[in-house]
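Report on the structure
What follows is each chain in one-letter form.
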Amino acid sequence: MQTTTLTTIDRSDVRTGARLLRERLAARLGHALLEWSRRHDERRTSEAVAAHRLTEHHATELRDREFARIVLSVAAR
């Protein structure tokens, strides 16, 4: 057998093995992402969403008050 034939066969085997490895890794990653997404959705109960919205509302109010305080202090100069 010629060495060029062996090299071609070896490269083909390596490419096939690499493709199979990528497919297995992609499947595992996909399953892991789905599981993470499910757990993330379970944590976002209606109470958690309501608490997050309330916190955002308070933060917005505080930011607006601080902005108004700064604007008034600059305008008073």
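Let me sum up the structure you'll find in this document. (Residues numbered from 1 in each chain as written. Predicted model: local features only at pLDDT ≥ 70, side-chain atom pairs only at ≥ 80, totals over all residues. Heavy atoms only, no water.)

We now examine the overall build of the protein chain. Secondary structure summary: the protein chain contains 2 helices and 0 strands in total. Of all 77 residues assigned to the protein chain, the portion counted as buried reaches 1%. Taken as a whole, the protein chain presents about 7,300 Å² of accessible surface, with 61% of it coming from carbon and sulfur. (Helix = DSSP H or I, 4+ residues; strand = E, 2+ residues; numbered from the N terminus. Buried < 20%, exposed > 50% of the residue type's maximum accessible area, 1.4 Å probe, protein only. Areas by Shrake-Rupley, 256 points an atom, 1.4 Å probe, with all protein chains shown as cover.)

Considering all chains together, one arrives at 5 salt bridges under this definition. In this structure, the salt-bridge partner of E35 is R38, at a minimum N-O distance of 3.6 Å. Of this pair, E35 and R38 both sit in helix α1 (residues 3-43), 3 residues apart, which is roughly one turn of the helix. Salt-bridge contacts for E66 lead to R69; the nearest nitrogen and oxygen are separated by 2.4 Å. Here the residue E66 and the residue R69 both occupy positions in helix α2 (residues 46-75), the gap between them amounting to 3 residues, near one helical turn. Classification of E66 by relative accessible area gives partly exposed; the value is 37%. It is possible to trace a salt-bridge network through shared partners that takes in E35, R38 and R39. (Salt bridge = Lys/Arg side-chain N within 4 Å of Asp/Glu carboxyl O.)

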